Amino acid sequence: MPTLRATGTVASIGYASGPLFIVGRETTAYRPSGDHITESERLFDAMDAAAQQVETLASSSDGDAAEILEFQAAMLRDASLSESAIESIVGGIDAATSWSDAMRGQIADYEGADNAYFRARSADLQDIHDRVLRLLTGEQERQWPPGAVLHARDLTPTEFLSMDWTQGGAILLHEGSAASHVAMLARTRGVPMLVGVGVLDAANNDLILVDAERGRVIVLPDTEARHEFLKASTAHRHLMNLARSRLHMPAVTADGARIEVLVNIADPSETEGIDIATCDGVGLMRTEFLFGRGLPGEEAQLAAYRRVLAWAGGKPVTIRTVDAGGDKPVPGFTVEESNPFLGLRGIRLSLSRPDVFRVQARALLRAAPSGNLKVMFPMVGIAAEYAAARAIFAEEATALGLPVPPLGIMVEVPAVAIHPAPFRDVAFFSIGSNDLTQYVMAAGRDNGAVAALNDARHPAVLRLIREVVAFAEANGITVSLCGDAGGDPGVIPQLIGAGLRTLSVAPAQLALAKAAISSATTSDPGHGQI
Ligand code: PEP
Ligand code: MG
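Computed from a prediction, not measured in an experiment: that's the story for all the values here.

Visitor: Whenever I open this one, the domain arrangement of the chain confuses me. Can you help?
Guide: Think of interface size as the accessible area that goes away when the parts come together; that is how it is often given. For the chain, the domain assignment lists domain 1 (4–23 + 142–236), domain 2 (36–137) and domain 3 (258–519). Each of domain 1 and domain 3 has a C-alpha centre, and the two are 30 Å apart. With five residues of domain 1 at the interface, the matching set in domain 3 holds four residues. Of the roughly 470 Å² buried between domain 1 and domain 3, counting both surfaces, carbon and sulfur atoms make up 71%. For the pair domain 1 and domain 3, the number of links is zero salt bridges. At the junction of domain 1 with domain 3, the criterion picks out zero residue pairs in polar contact (both at pLDDT 80 or more). For the side of domain 1 that touches domain 3, the residue count by class is three nonpolar, one polar and one charged.

Visitor: Explain the site of ligand 1 to me, please; I cannot follow it from the model alone.
Guide: In the neighbourhood of ligand 1, 15 residues make up the surrounding shell, with Arg286, Arg320, Asn434, Asp435 and Arg445 lying closest. In this structure, Arg320 approaches ligand 1 through a side-chain N or O atom, which is 2.7 Å from an oxygen atom. One nitrogen or oxygen atom from the main chain of Ser433 is found 3.1 Å from an oxygen atom belonging to ligand 1. Considered on its own, ligand 1 offers 290 Å² of accessible surface; in the complex 99% of this is hidden by protein. Sorting elements by how many residues they give to the shell around ligand 1 places helix α15 (residues 433–441) first, with three residues. Of the residues assigned to the shell around ligand 1, the class counts are three nonpolar, four polar and eight charged.

Visitor: What's the story with the packing of aromatic side chains in this structure? I'm lost.
Guide: Each pair of aromatic rings is reported with the distance of its centres and the angle of its planes. Taken as a whole and judged by the stated rule, the model has nine aromatic pairs. Ring plane angle 65° and centroid distance 5.5 Å describe the contact between Phe377 and Phe393, whose orientation is recorded as edge-to-face. Of the two residues, Phe377 sits in strand β13 (residues 372–377) while Phe393 sits in helix α13 (residues 383–400), which places them 16 residues apart along the sequence. Here Phe377 matches Phe393 in class, with each residue buried. One aromatic cluster is present, formed by Phe357, Phe377, Tyr386 and Phe393 through successive ring pairs. The side chain of Lys374 reaches across the aromatic face of Phe428, ending 5.4 Å from its centre.

Visitor: What is the right way to read the packing of helix α4 (residues 95–111) against helix α6 (residues 122–137) from this model?
Guide: The axes of two packed helices give the description: the angle between them and the distance between them. Across the interface, α4 lies against α6 with an axial gap of 9 Å and an inter-helix angle of 175°. By the angle class used here, α4 and α6 are roughly antiparallel. Here Ala95, Ala96, Trp99, Ser100, Met103, Gln106, Ile107, Tyr110 and Glu111 of α4 come into contact with α6, specifically with Ser122, Leu125, Gln126, Ile128, His129, Val132, Leu133 and Leu136. Split into classes, the residues belonging to the contact of α4 with α6 amount to eleven nonpolar, five polar and one charged.

Visitor: Looking at this structure, how should I read the pattern of salt bridges?
Guide: Pairs can form between side chains of opposite charge whenever their charged atoms are close. Tallied over the full model, the rule gives 23 salt bridges. Across the salt bridge formed by Glu39 and Arg42, the nearest N and O atoms sit 3.5 Å from each other. With Glu39 and Arg42 both in helix α1 (residues 36–59) and three residues apart, the pair spans about one turn of that helix. A residue is classified by how much of its surface remains accessible, and Glu39, at 2% relative accessible area, is buried. Note on Arg42: relative accessible area 32%, which makes it partly exposed. Among the ionic pairs, Asp48 bridges to Arg77, the shortest N-O distance being 2.5 Å. Of this pair, Asp48 sits in helix α1 while Arg77 sits in helix α2 (residues 63–77); the two residues are 29 residues apart in sequence, bridging distant segments of the chain. Overall, Asp48 belongs to the partly exposed group, its relative accessible area being 33%. Classification of Arg77 as partly exposed rests on a relative accessible area of 42%.

What counts and what doesn't
Residues numbered from 1 in each chain as written. Chains lettered and ligands numbered in written order. Predicted model: local features only at pLDDT ≥ 70, side-chain atom pairs only at ≥ 80, totals over all residues. Heavy atoms only, no water. Domains from an automatic or database assignment. Contact = heavy atoms within 4.5 Å. Buried area = accessible area lost by both parts, 1.4 Å probe. Salt bridge = Lys/Arg side-chain N within 4 Å of Asp/Glu carboxyl O. Polar contact = N/O pair within 3.5 Å; in protein donor to acceptor, adjacent residues only side chain to side chain. Nonpolar A, V, L, I, M, F, W, Y, C, P; charged D, E, K, R; others polar. Near = heavy atom within 4 Å. Areas by Shrake-Rupley, 256 points an atom, 1.4 Å probe, with all protein chains shown as cover. Helix = DSSP H or I, 4+ residues; strand = E, 2+ residues; numbered from the N terminus. Phe/Tyr/Trp six-rings, centres within 6.5 Å; stacked < 30°, edge-to-face > 60°. Buried < 20%, exposed > 50% of the residue type's maximum accessible area, 1.4 Å probe, protein only. Lys NZ or Arg CZ within 6 Å of the ring centre and 35° of its normal. Axes fitted to C-alpha atoms, helices over the stretch in contact; angles between N-to-C directions. Parallel < 35°, antiparallel > 145°, perpendicular 65-115°, else oblique.

As structure tokens, this is what we get:
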């Protein structure tokens, strides 16, 4: 089989190589007793034994792991967890089937929740389900060879914790979420992890190279791929050592310029894994996750925004109004379009649905007094859109008797970057290099076939960035960059050279971004190799 490549989203940064281990979900058959009293007792015994196992594991764990296990033990000890399974047993169904059916319903409810926190918790329920089922069927807990690259639809926290990661290894999930408990654990333990990889066309024991820095997977690498991987992973290791030693220090270039480094987040729970002392605030909170499976209410949004503001403790937090559409469809909100990246997306969609936009505006306005909030509008192309959005915020603020926080825009539509003059009254610009690059280069950000073209170091993109920064400075507008390029050590020297002094990066990129800044200078290195 030839070398095969796949891509995924980085949930935990790092490099790993090892044999593939495909994690299946096959189970041992259960033997029913035929008597509902015995079946109920079997289920209660299995749940009790599962709770004891988890409590024992919790007592020998610490930090996040202990918290996750304690949460699972509490669920297993909660009588309501078994209620519907017991009803089904009384109705004549065996314990294993009743348990699985009841849990499947609950897992589906969690998976379908509006809130990413609850969606991510579905893995805990899956974990509880599997453990009790194993106890009912007498199946052994699964063991994976140390150092393996696990490939699974999803992985549960205790499955993660049962693996010996000291020997290396990595996780590749078909789907999964970077906000899941497993992703959180992987980041804490430094286990490379990619989500959204899909199903690999590979077999157990195939050699896999995982580049969880750029989100790449290589199956059965040839000599060239191995060589490239070794070079990249060695460079990464050196950089990581340097980065860790400087994480708590302010980011300063080699020629002494202070660079503010903020983080990009989506789910408020992501803040749990970030020490606020290591960053200068939140440069971008994407709110699409709140809209992931429907339209969230004002109170749910308010709670999410307040949580982030409280965590930031006075440092700036820029929350972006919903950027639904494009690659982020929201059922009941976005519309079917033949070319969604050029369609009713971001502020265009929000302005076409003032009912939805006003709810978000109110939640943001009410959250603002809890911290240092700035509000940002995505996909703005013309000044009238900004004016309309600002007017809605002003009206809602008057109705609530609250002030309007600083309002700014993403600079990601080329029209704005080329002709920023109509936006002189905006409080701040944040350059969205992901979209700006894809629109300038006409190369879709989600299309691997044109990935080489989608490069923020192209002279055309860098020129626009340089001009936007110069315009902002000349007009007293704060300017930053919050696209993925901001956390890419290969692009950071060009961004600083283009005049940027504020970058907002994915939390997993924070240490490396700071390290890259420390070896960059403010002189413009021009564009990279395109
Ligand atoms: C961008 O476009 O660079 C950006 C930060 O926004 P998003 O990736 O959410 O479109
Ligand atoms: Mg964007």
